[in-house]
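Coordinate inspection notes
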Amino acid sequence: MSDHNGSSVRVDGAPIIVCGEVRQLEGLLSGWCQFHTFENTKALKKLCRRSQPALFVAHVFDEKSEDLARNSAEYLRLGLALSDTRIIVFSDLHYVVNRSSWPKALDVTAFLDYEKSNILFNQDLLKGELDNYQRISEVNKKHRQEVALLMAITRFSDAGESFDAILSHFSKCLGDVCESCLSMQINVAKDEAVIENFSRDDILSESELRTAFSLPALTGGFAHAVQEKKPQVFLAVDEFDIGVVQKKLNVEIAGYLVFPILTYTKVVKILVYFVAEQDMGSISVSKVDLISRAFDQMRLLLERNAAESQLKKQYARLRRTLLELRLAKEEILQKEKMASVGKFAAGVAHEVNNPLAYVMSNMSSIDSYLESIFHLQSLHSEMLQAIDSGNSELSRVLKNNIDDYQEESDMSFVLSDIRSVVAESKDGLSRVKEIVKDLQTFHKHAIDANSGSNLEEVVDKSVKLFKYDLEGISIDVKVEASSSPLQNGAAVQQILEHFIKNAIYSLNTTEGEKKELKIVARTHDGAVEITVYDNGGGIEEALHKRVFEPFFTTKPPGDGPGLGLSLSYNLAANMGGKITLDSRSGEYAKFSLVLPEATDQKAI
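Residues numbered from 1 in each chain as written. Predicted model: local features only at pLDDT ≥ 70, side-chain atom pairs only at ≥ 80, totals over all residues. Heavy atoms only, no water.

1. Overview of the pattern of salt bridges
The test is simple: Note on definitions: salt bridges are taken to be side-chain nitrogens of Lys or Arg within 4 Å of carboxyl oxygens of Asp or Glu. Each residue is placed in one exposure class: buried if its accessible area under a 1.4 Å probe, protein chains only, is under 20% of its type's maximum, exposed if it is over 50%, and partly exposed if it falls in between.
Following the criterion strictly, the structure yields 15 salt bridges and no others. The salt bridge involving Lys514 is made with Glu516; its shortest N-O contact spans 3.5 Å. The partner of Asp582 in a salt bridge is Lys590, and the shortest N-O contact between them spans 4.0 Å. Classification of Lys590 as partly exposed rests on a relative accessible area of 30%. The network of salt bridges with shared partners includes Glu66, Asp67 and Arg70.

2. Thoughts on the nonpolar core
In a soluble, globular protein the nonpolar side chains are often hidden away together inside. Counted only if it meets this: To form a nonpolar core, buried Ala, Val, Leu, Ile, Met, Phe, Trp, Tyr and Cys residues must be joined to one another through side-chain atoms within 4.5 Å. Here a helix means four or more residues in a row that DSSP labels H or I, a strand means two or more in a row labelled E, and each is numbered from the N terminus. Any two residues whose heavy atoms approach within 4.5 Å at even a single point are treated as in contact.
One finds Phe170, Met184, Ile186, Phe213, Phe222 and Phe274 to be the most contacted residues of the largest nonpolar core, which totals 55 residues. A total of eight residues in this core trace back to one element, the largest contributor, which is strand 11 (residues 266-276). Leave out the neighbours within four places in its chain, and Phe222 touches Met184, Ile186, Phe213, Leu215, Phe240, Tyr256, Val258, Ile270, Val272 and Phe274. Within the second largest apolar cluster, 38 residues are counted, among which are Phe466, Leu486, Ile500 and Val532.

3. A word on the packing of aromatic side chains
For any pair of aromatic rings, the description rests on two quantities: the centre-to-centre distance and the angle between the ring planes. Test applied: For this analysis, a ring pair means two rings from Phe, Tyr or Trp (six-membered ring only for Trp) whose centres lie within 6.5 Å, classed as stacked if their planes differ by under 30 degrees, edge-to-face if by over 60, and tilted for the remaining angles.
As enumerated under the stated definition, the model contains 15 aromatic pairs in all. Centroid distance Phe240 to Tyr256: 5.7 Å. Interplanar angle 55°. Geometry classified as tilted. Here Tyr256 lies in strand 10 (residues 253-263) and Phe240 lies in the loop between strand 9 (232-234) and helix 8 (243-249), a separation of 16 residues in the sequence. Across the pair, Tyr256 and Phe240 agree in class, each one buried. Each residue in the set Phe213, Phe222, Phe234, Phe240, Tyr256 and Phe274 is aromatic and connected to the rest through ring pairs, giving one cluster.

4. Quick word on a positive patch on the surface
What counts here: Residues form patches when they are more than 30% accessible in relative terms and have no salt bridge. Like charges link within 9 Å. Nonpolar side chains (Val, Leu, Ile, Met, Phe, Trp, Tyr) link within 5 Å. Where accessible areas are quoted, they stem from the Shrake-Rupley method and a 1.4 Å probe; at the residue level, only the protein chains shown are allowed to cover. Only four residue types enter the tally: Lys and Arg on the positive side, Asp and Glu on the negative side, with His and both chain ends excluded. To locate a charge, take atom NZ for lysine, CZ for arginine, CG for aspartate or CD for glutamate.
A grouping of Lys42, Lys46, Arg49 and Arg50 is seen on the molecular surface, where their side chains present a positively charged patch. Position of Lys46 among the secondary structure elements: in helix 2 (residues 41-50). When its relative accessible area of 43% is taken as the criterion, Lys46 is described as partly exposed.

5. Considerations on the confidence of the model for the protein chain
Worth spelling out the cut-off: pLDDT is a residue-level measure of predictor confidence that goes from 0 to 100.
Overall, the predicted model of the protein chain reaches an average pLDDT of 80, with 87% of residues at or above 70. Low pLDDT (under 50) marks residues 6-11, which in the prediction has 18 contacts with non-local residues, meaning those over four places away or in another chain. Note that residues 444-451 has pLDDT below 50 and, in this model, 20 contacts with residues that lie over four places away or in other chains.

6. Notes on unusual backbone geometry
Pro216 follows Leu215 through a cis peptide bond whose omega is 20°. The topology assignment puts Pro216 in the loop between helix 6 (206-212) and helix 7 (220-228). Even without a glycine there, the phi angle at Glu179 is positive, about 55°. Inspection of the secondary structure puts Glu179 in the loop between helix 5 (163-178) and strand 7 (180-187). By relative accessible area, which is 22% here, Glu179 ends up partly exposed. In the Ramachandran plot, Lys229 falls in the positive-phi region, its phi being about 60° despite a non-glycine side chain. In this fold, Lys229 is placed in the loop between helix 7 and strand 9. Residue class for Lys229 comes out partly exposed when judged on its relative accessible area of 34%.

7. A word on the side chain of Asp92
With respect to the secondary-structure elements, Asp92 resides in the loop between strand 5 (86-91) and strand 6 (110-113). Here Asp92 falls in the buried class, since its relative accessible area comes to 12%. The residues touching Asp92, leaving out its near neighbours within four places in the chain, are His59, Val60, Phe61 and Tyr114.

8. Remarks on the sheet that holds strand 15 (residues 516-524)
The test is simple: One bridge is not enough; two strands pair if DSSP finds at least two bridges between them. Geometry is summarised by axes, namely lines fitted to C-alpha atoms with helices restricted to the contacting stretch, and by angles between N-to-C directions that run from 0 to 180 degrees.
A sheet is described by the order of its strands in space; here five strands give the open sequence 13-15-16-18-17, paired in mixed fashion. Of all the strands in the sheet, just strand 13 (474-480) and strand 17 (578-584) have a single pairing partner and so form its edges. Across the sheet, the mean angle separating the axes of adjacent strands is 10° when strand polarity is ignored. Strands strand 15, strand 16 (527-534), strand 17 and strand 18 (588-596) of the sheet are contacted by helix 13 (residues 489-508), whose axis makes an angle of about 15° with strand 16. Its contacts with the sheet place helix 14 (residues 564-574) against strand 17 and strand 18, and it is angled at close to 140° to strand 17.

9. Some details on a nonpolar patch on the surface
Side chains of Val233, Leu235 and Val288 sit close together on the surface and give an oily, nonpolar patch of about 250 Å² of accessible area. You can see Leu235 is positioned in the loop between strand 9 and helix 8.

10. What to know about the sheet that holds strand 7
Within the open sheet, the five strands sit side by side as 8-7-11-10-9. Their pairing is antiparallel. In this open sheet, the two edge strands, each paired with only one partner strand, are strand 8 (194-198) and strand 9. Recorded for the sheet is a direction-independent mean angle of 20° between the axes of neighbouring strands. Pairing analysis gives three bridges linking strand 9 to strand 10, with the strands arranged antiparallel.

11. As for the environment of Ala54
Within the secondary structure layout, Ala54 lies in the loop between helix 2 and strand 4 (55-60). For the pair Ala54 and Ile87, spaced 33 residues apart in sequence, the C-alpha to C-alpha distance is 8.9 Å.

12. Overview of the pairing of strand 11
Among the eleven residues in strand 11, ten count as buried, and that is most of the element. Sheet topology note: the strand 10/strand 11 ladder contains ten bridges and is antiparallel. Paired with Phe259 across the bridge in strand 11 is Leu271. Taking the residues between adjacent antiparallel strands as the criterion, strand 10 and strand 11 are bridged by two residues, where Tyr264 takes a positive phi near 60°.

Here's what the structure looks like:
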C-alpha cells in the first residue's frame, strides 16, 4: 500500500483508491489528485478504516487482477455498504473483462478500456464521477442530518431520559445541520443569562465568551430571538466583539442562528450556533425551513410534556386528596358506628335498667320481709320447745311476744305483699328476656331459614295472634299470592307482626269514629309485597328517616323499647328485600315489605 500525491484534490477527506498496475494509471491520475494504492483486500480494509473512499479505480489485465478488483468492490458495496463510492474498472485492450461474473449488487459505475490516447477523456470522466460523488454525498449528508435532527426531536417525548441529556443531543444535531464552528446553550429563565454549555471548550473559556457576547445581558440577535420567540438567522456579527473568539477558532464568523426553547410562551433557553464564512453557503432556504419545522415540532412536544407533567401533578394531588377523603370517610363512618353503638348500648341499658331497677328494689324488700319471717319462725320454734318441755309460763310469754312482733312488723302485710313483689320481679325479668330475644333477631341466623310457609298462612297466623287486640277495629285482609312456600316464613311473619302491632297501637291512641286496618299481601313481577295500612295518627315527615333506628320510638317511656321496626328493617335487608314507609301526620301510615320470591330470597 502506498500514497501518491498530485494536487490535493479530495472530496471532504474521502480518498481515491486504486488497485492494479499503478504505472499504467499514473498518466491518468497523476498531476490532479491524491490517491492510494493497495495490493490485497487486507490493505484495502486498512485504507477504509481511515475514511470512506470517494472513488475506487481498478486496473484489470488478467484473471487475478480481476478477482482482486471484484472482491474489493464486493467488500465496499456489501461489506461496508458504501453505496455512494464510485467504482470505475479499466481493462487492457488485450484482456476482456467477464462482466457476467460481476453481480449487479456491486453497482459498477463504468467498465472502460484503458488507452493512452483517451487519457484526457478518462480524466474528465473521473473528475465528473468525483463531482457526482460530491453531490450525492452532500444530499445524503443533508438527509442524514435532517433525519438525525427530527429523531432528536422525538426523544423529547421520552420520559425515561433527562431533559438536559435530550437537549444536548438535539443541540449537537442542530449544530451539524448548521455546520457551526461554535455553539452555546444559554439559560435565560433566570434574572441573568447564563452559559450552561458550549463547544470548543478546549480552546475557549466561558469568561472569553461572556466578554465577546456582552453576557449576562442579552443584546443583538439574542434579545431579538427571545422577543420574537422563534428561530432567527443573522448574517452579520457586527454587534459583538468576537476578535478573540475568531482568532482562537482560526475562522472568520459570518453569521449565526439563535434557536429559542419555549415552555408554552416563555423562553427558558436559547441555543446559539455560529457559522464560518466558508460554510455560510450551507445555510440554504431548505435548511431554514427544516429548522422552522423542527422548532414547531419541539414546541408542541414541550407543551405536551408540560401539560402531561401538570396533569401528573394534578393526578398525584387528586390521588392524595382521594386517599385523605377515604381516610376521613372511614374515620367519620367509624365515629358514626361508635356513636350508633353508643346509642344502641345506651338504649339497651335504658330498657334493661328500668325493669332491673325495680327488680333490685323488690329484692331489697324481699330481703327485709325474709328477715321478719325468719325472726318470727325463730320465735315459733322457741315456743314449740317451751310447749314440748311443759313450761306453760314460758309458752305464754313467747306467744305474747309472737303476737306483739306480728303486730309490730305488720306480718299480715308482709305475707300478702311478698307475693306481689315476687310477681312484679318476675314480670320485670320477663321483660328483660323479651328485650334480649328482640336483640337476638339482629343476628343474621337468628331466624330459621327453613321455616317455610306460604304467604296466606303467614298473614293468617299474624292476624290471629292479635285477635283480642283488634276489638273495635275494622280489619280488611286481602291475599293475592301463589301457594309457593316462603323460604323465610318465620322472618316474614315476625316483620308483619311488628307492622300490625304498631298499627293497633296507633289506632288505639288516636281518637276517631272509624278505626281501619288493611293488610294486602300479593306476589307480582317476581316479588312478594306485604302492605299494612292504618288510619291512625300517622308519623311526622321529619321522623320518617328515624323510625328504623334502634330504640327510636314515639311511644311514651315504658310502652316499648323501640326495636320492632329496627329489627324488621334488618331482617328484610338480610333477605334481600326492603321496607318502605308512606305516612301523613294525623291521617294514615302505610308500611310495605318487598322481597324476592321464594327461589330468589336470601337465607338469613
